[in-house]
Amino acid sequence: MASSAAPIPAARSSVTGATSVIHTDLDYKPSYLAAGLASLAVFALYLITLAPSTAMWDASEYIAAAYVLGLPHPPGNPFFILLGNVFAHLPIPGMSVAVKLNMLAALSSAVAAGAWFLITERVLVSWLPRKWMRLTGASVATLIGATAFTVWNQSVVNEKVYTVSLAIFAMVAWLTVAWCDEPEGKRGDRLLIMIAFLIGLGYANHPAGMLPAPAVGLAILFRRWRTILNWKLALACLGAVILGLSPFATQPIRAAHFPAINEGEPTACRTEIGFDCTFSAVTWDRFKYNFDRGQYGKPQLTERQAPIGAQVGMWWLYFKWQWLRDAHQESPGKQNALAIVFLGLGLIGGFVHYKRDQRSFLFFGPLIGTLTIGLIIYLNFKYGYSQSPELGDSVAREVRDRDYFYLWSFSAWSVWAALGLIYLWETVAGFMGTETIELGKQRFSSPNQRAWMISAPVLGLALIPMIGNWTQASRAGQRDTRDFAHDLLNSVEPYGILITVGDNDTFPLWYAQEVEGIRKDVLIANTSLMNTDWYTRQMIRRPIYEYESAKGPDVYKSGMWTKPTTKPLALSLAQADSVPLYMQIESAMVFRQGTIEAVINPQNLNQGVLERADILTLYMIRDNWGKRPIYFSRTSGMYPSQLGLGEYMLTQGLARKLLYTPVTISKDTVPVQGEGAIDVNRSMELWNKVFMGQQSIISRGDWVDKPSAGIPALYVSVGIFLSDALRASGRNAEATQVAETSKKIAIASRTLNWFGGEAGILGTQPAPGSFLPGLDSQSGVPTAVPLGGAPAADTGAGKKP
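The model shown is predicted, which means the values in this text are computed figures rather than measured ones.

J.: Would you mind going over the overall build of the protein with me for this structure?
T.: Within the protein, the secondary structure is distributed over 30 helices and 15 strands. In terms of overall dimensions, the protein is globule-like: its C-alpha atoms have a radius of gyration of 30 Å, near the 28 Å expected for 801 residues. Based on the C-alpha atoms only, the size of the protein along its principal axes is roughly 100 × 65 × 50 Å. Taking all 801 residues of the protein together, 59% fall into the buried category. When the accessible surface of the protein is totalled, it reaches about 31,000 Å², and 60% of it is carbon and sulfur.

Printed below as a string of structure tokens:
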């Protein structure tokens, strides 16, 4: 995109000692075909390692939200949802919705790779005289950036919106570099308008879409400051930004149609869309609250959540991952050495970029600064999940590793790393032989072609991330998340309510229900989300879906399952909104419903507080007595006991059923230390005939993401309890079979030491601790609590629109 009106600086070399004379051509044109082929190669790599289904964390939420044209968690990412919905419904025979969305991630990152290719080639124009050299350097940048761990790992499953953001970032970067070459005239103005539009569109995809804006602004000031005085152009750019932001306008409209996933519900409409409720102060307040991510209560930037040194240390930890993802600390020395090498290459590349092409550096240098130091300051994270393990729980930590937030940083770094590697290649080649380059009246020395070829093996450094990261970045064949959702849903009897507590026991279930249609009859009630008013309304509005017996497990085919006719909460929307955020409990209280008498002891609650979610859980027990079975996911740990329900819980597969009377021990209902009691026959039938997750995890053979390793560990825990119960029932052969499978899961997921090794799993010695602690002892004199009757009054404490 260079023009004769703004000539590219002449290529020069620092190597001396001429041996021959050649001529070079300064007539530069971007190699769009070569960039397209580079993108295609990256896309092919990602397809080879593409996930065939969903994954842990937010992948399931975003795939499902895109499919149903819903709203994921704030700010809702409207551009991604619109784009994802198009991809989800592409008429490609035999291709699942998940694969289509995963292909969107792969395609987005491949587009970004092509943009980095063009930028690297453009920088090398002012440096290397031959086109094949520049294309080689650009290819090196593409390879390094595409195989950096986080970029690769995020590009083979659509976990979030970051790969689409990356594509927009890279396009903005390339257009800005092109503008720096030709800032004058209508073409330069059109480029700026397009850049402004993409920045607005990027924000509609994710708030980080604005990150390139400071670097673009500096490029304008440095390259042609008079541009800012063009008020017509300024207005056109402002209009382009607003147009890019326009997908946000779809949120109140779509929210008022109440899709299955409607997080934040930014509308005042209660039952159907209408003009008055859409264009109202309440809609604006809710939209603004969503837009500002008010739900998360992030502190001001002046209030650091960790020391700035620790936050830089988090970036450095994730930077080390990019070149060798040593997830199990098997090669820390190699990982550290490679991190130093690629850091050094990038710093050298940045310096060479500044010396050889200041025009593009005036944009790209500030961009790298924004995506590293600027991003670290802006994100203001706590300590990373895997950072400084020696500090343990003495510091506040993120619930998972946040390397994906720095994906843009690591991807853009590939340009400088490639420039540094090309500089190294040129330096080595300079010792092998040189020739004289003639540019018009100028002469200077450069390595000859033979020297370039002989020294080419140094470029092999660019292959290291691909070789080192393949097994841990690839998601090929991974179906364990989908299978876990299948297994957990099928642990629940027809028309049951399943109470969950976090992301990984909820989002995969949303995906299974809304995308694959698995067990939509089950109502999922997430305790974290029940603390919001919009989620309660979503539960009340949710249709009651028919249980599809023909598709369901055989274990339920002998039963008579009556479809409920009432909502899961016997509350109006106004009553649901009035449930307080919390109730302070000073002394033991009793919840009574039918034959259940649960003592709620304040010592078992967090600071003696009964939260809105706890109140609603008790309401659901009250309102569904004799109508729907109530289950707690086994990921909920001690939660039923905290509500005084421990003695009424019976484990069935991956969930625990709330019984109407305390568990009665029998031949098929066996007590297990630390677990309470387990329904042996039901759990065994589920384990052998219904569950799919065990084999998926074993086939995967590894588990890179430690924060989500509790999911495979859940299967191990169930297997241990079940095998113990089988032994207690005299079914030793079956017990051994279940224990062996559990051992294989623990080995594959690297959680064997969580259970005391093979001996702890196989039953030759007790496993240390338990994921599902026993029942809490009750103490204190119980008093009445109005949870079995009418809803509590609204205290107004902490209510949000």
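J.: Help me out: how do you make sense of the state of the cysteines in this one?
T.: Working definition: the covalent bond between the sulfur atoms of two cysteines is a disulfide. One pass over the structure, following the stated rule, counts 1 disulfide. With a sulfur-sulfur separation of 2.0 Å, C269 is cross-linked through a disulfide to C277. With the S-S bond torsion at 85°, the cross-link from C269 to C277 turns out right-handed. Of the two residues, C269 and C277, both sit in the buried class. Left unpaired, C180 is separated from the closest cysteine sulfur, that of C237, by 14 Å. In this structure C180 comes out as buried when scored by relative accessible area, which is 1%.

J.: Sorry if this is basic, but what is going on with helix α20 (residues 480-489) here?
T.: One full turn of an α-helix is made of 3.6 residues, so residues set three or four places apart face in the same direction. Across the 10 residues that make up α20, a large majority, 10, are buried. Those residues of α20 that sit buried are D480, T481, R482, D483, F484, A485, H486, D487, L488 and L489.

J.: Which parts of the structure should I look at to understand the pattern of salt bridges?
T.: Two side chains of opposite charge can pair, provided their charged atoms sit close to one another. With the rule as written, the count across this model stands at 34 salt bridges. For R750, the salt bridge identified is with E330, shortest N-O distance 3.3 Å. Residue R750 is found in the loop between α29 (732-748) and α30 (757-762), and its partner E330 is found in the loop between α14 (308-323) and α15 (332-356); the two are separated by 420 residues along the sequence. Judged by relative accessible area, R750 falls into the partly exposed class, the value being 37%. Using a relative accessible area of 54% as the deciding quantity, one classes E330 as exposed. When the shortest N-O distance is used, the salt bridge between E734 and R731 registers 2.7 Å.

J.: Would you explain a nonpolar patch on the surface in this entry?
T.: Together, L218, L221, F222, W225, I228 and L229 make up an exposed nonpolar region whose accessible area comes to about 630 Å². Residue position: I228 is located in the loop between α9 (212-224) and α10 (231-245).

J.: Is there a simple way to think about the packing of aromatic side chains in this case?
T.: What characterises a pair of aromatic rings is the spacing of the ring centres plus the angle enclosed by the ring planes. The full count for this structure, using the stated rule, is 42 aromatic pairs. Aromatic pair Y162 and Y404: ring centres 5.3 Å apart, planes at 35°, arrangement tilted. With a gap of 242 residues between them, Y162 in helix α7 (residues 162-181) and Y404 in the loop between α16 (358-379) and α17 (407-430) connect regions that are remote in the sequence. A single burial state applies to Y162 and to Y404, both of which are buried. When the ring of W315 is compared with that of F319, the centres are 4.9 Å apart and the planes differ by 25°; the resulting orientation is stacked. On the criterion of helical spacing, the pair formed by W315 and F319 is a turn pair, its members being 4 residues apart in helix α14. It is R325 that lies over the ring of F149; its NZ or CZ is 5.3 Å from the centre.

J.: I keep staring at unusual backbone geometry and nothing clicks. Help me out?
T.: Trans peptide bonds make up most of the peptide bonds, and negative phi angles are found at most residues other than glycine. Here the bond from P74 into P75 is cis, since omega is 10°, no more than 30 degrees from zero. Mapped onto the fold, P75 is located in the loop between α2 (59-68) and α3 (78-88). Positive phi, close to 55°, is recorded for R293, a residue that is not glycine. Along the polypeptide, R293 turns up in the loop between α13 (281-291) and α14.

J.: Explanation requested: the nonpolar core in the structure shown.
T.: Grouped burial of nonpolar side chains is what soluble globular proteins tend to show. Grouped together as the largest cluster of nonpolar side chains are 227 residues, with contacts concentrated most on W116, F364, Y406 and W408. When residues of this core are assigned to their parent elements, the largest contribution, 18 residues, is made by helix α4 (residues 97-125). Apart from residues lying up to four places away in sequence, W408 is in contact with Y162, S165, L166, F169, H206, A208, L211, L371 and L375.

J.: Help me out: how do you make sense of the pairing of strand β8 (residues 596-600) in this one?
T.: The side chains of a regular strand alternate between the sheet's two faces. Burial analysis of β8 places 4 of its 5 residues in the buried class, the great majority of the element. Here 5 bridges tie strand β7 (residues 589-593) to β8, and the two strands are oriented antiparallel to one another. Counted as the bridge partner of F591 is A598 from β8. Between β7 and β8, which pair antiparallel one after the other, the connecting turn spans 2 residues, and G594 there sits at a positive phi close to 60°.

J.: So what exactly am I meant to see when it comes to α4 here?
T.: When the terminal C-alpha atoms of α4 are compared, their 43 Å separation across 29 residues agrees well with the 42 Å that a helix rising 1.5 Å per residue should span. Counting buried residues along α4, 27 of its 29 residues qualify, which places the element largely inside the surrounding structure.

J.: Help me understand the packing of α7 against helix α8 (residues 185-205), please; the structure alone is not making it clear to me.
T.: In a packed pair of helices, the relevant descriptors are the angle between the two axes and the axis-to-axis distance. The N-to-C vectors of α7 and α8 enclose an angle of 165°; their axes lie 9 Å apart at closest approach. The angle between α7 and α8 falls in the class roughly antiparallel. Crossing of α7 over α8 shows left-handed handedness. Contacts from V164, S165, I168, M171, V172, L175, T176, A178 and W179 in α7 reach G188, L191, L192, M194, I195, L198, I199, L201, G202 and N205 in α8. Here the contact of α7 with α8 is composed, by residue class, of 14 nonpolar, 5 polar and no charged.

J.: Please clarify how the side chain of T527 should be interpreted in this entry.
T.: Take T527: it is sitting in the loop between β5 (523-526) and α22 (533-541). The exposure class of T527 is buried, given its relative accessible area of 11%. Those residues in contact with T527 that lie beyond four places of it in its chain are I499, T500, V501, A613 and Y639.

J.: What exactly am I supposed to notice about the environment of Y631 here?
T.: Mapped onto the elements, Y631 comes out in strand β10 (residues 630-633). Classification of Y631 by relative accessible area gives buried; the value is 0%. Remark: the alpha-carbon pair of Y631 and K657, spanning 26 residues in sequence, is separated by 4.4 Å. In this structure Y631 touches S491, V492, E493, I497, L498, I499, Q652, A655, R656, K657 and R682, once residues within four positions along its chain are discounted.

J.: What should I look at first to understand the confidence of the model for the protein in this one?
T.: One rule of thumb: low pLDDT means the predicted coordinates there are not for detailed reading. Within the protein, residue pLDDT values average 90, and 91% of them lie at 70 or more. Mean pLDDT values for the elements of the protein range from 34 in strand β15 (residues 783-784) up to 98 in helix α1 (residues 32-48). Below pLDDT 50 for its whole length, residues 1-6 participates in 17 contacts with residues either more than four positions away or in separate chains. Low pLDDT, under 50, characterises residues 13-25; the stretch is placed with 41 contacts to residues that sit more than four places away or in other chains.

J.: When you look at the environment of M560 in this model, what are you seeing that I'm missing?
T.: Secondary-structure assignment places M560 in the loop between α22 and α23 (573-577). For M560, a relative accessible area of 80% gives the class exposed. Residues M560 and P494, 66 residues apart in the sequence, show an inter-C-alpha distance of 9.5 Å.

J.: What is the right way to look at the side chain of H206 in this model?
T.: Looking at the secondary structure, you find H206 in the loop between α8 and α9. In this structure, H206 is in contact with N77, V161, Y162, S165, F405 and W408, ignoring residues within four places of it in sequence.

J.: Sorry, what's going on with the pairing of β5 here?
T.: The two faces of β5 match: L523 and A525 on one face and I524 and N526 on the other face are all buried. Inspection of the sheet shows strand β4 (residues 497-500) paired to β5 by 4 bridges, in the parallel sense. Following the sheet pairing, L498 is matched in β5 by I524. Of the crossover connections in this fold, the one passing from β4 over helix α21 (residues 507-514) to the parallel β5 is right-handed.

How each quantity is defined
- Residues numbered from 1 in each chain as written.
- Predicted model: local features only at pLDDT ≥ 70, side-chain atom pairs only at ≥ 80, totals over all residues.
- Heavy atoms only, no water.
- Helix = DSSP H or I, 4+ residues; strand = E, 2+ residues; numbered from the N terminus.
- Rg over C-alpha atoms; globule rule 2.2 N^0.38 Å.
- Buried < 20%, exposed > 50% of the residue type's maximum accessible area, 1.4 Å probe, protein only.
- Areas by Shrake-Rupley, 256 points an atom, 1.4 Å probe, with all protein chains shown as cover.
- Disulfide = S-S within 2.5 Å.
- Salt bridge = Lys/Arg side-chain N within 4 Å of Asp/Glu carboxyl O.
- Patch = residues over 30% accessible without salt bridge, like charges linked within 9 Å, V, L, I, M, F, W, Y side chains within 5 Å.
- Phe/Tyr/Trp six-rings, centres within 6.5 Å; stacked < 30°, edge-to-face > 60°.
- Lys NZ or Arg CZ within 6 Å of the ring centre and 35° of its normal.
- Core = buried A, V, L, I, M, F, W, Y, C linked by side-chain atoms within 4.5 Å.
- Contact = heavy atoms within 4.5 Å.
- Pairing = 2+ DSSP bridges.
- Expected span 1.5 Å × (residues − 1).
- Axes fitted to C-alpha atoms, helices over the stretch in contact; angles between N-to-C directions.
- Parallel < 35°, antiparallel > 145°, perpendicular 65-115°, else oblique.
- Left-handed = near helix turned anticlockwise from the far one by under 90°.
- Nonpolar A, V, L, I, M, F, W, Y, C, P; charged D, E, K, R; others polar.
- pLDDT = per-residue confidence, 0-100.
- Right-handed = clockwise from strand over helix to strand, strands pointing away.

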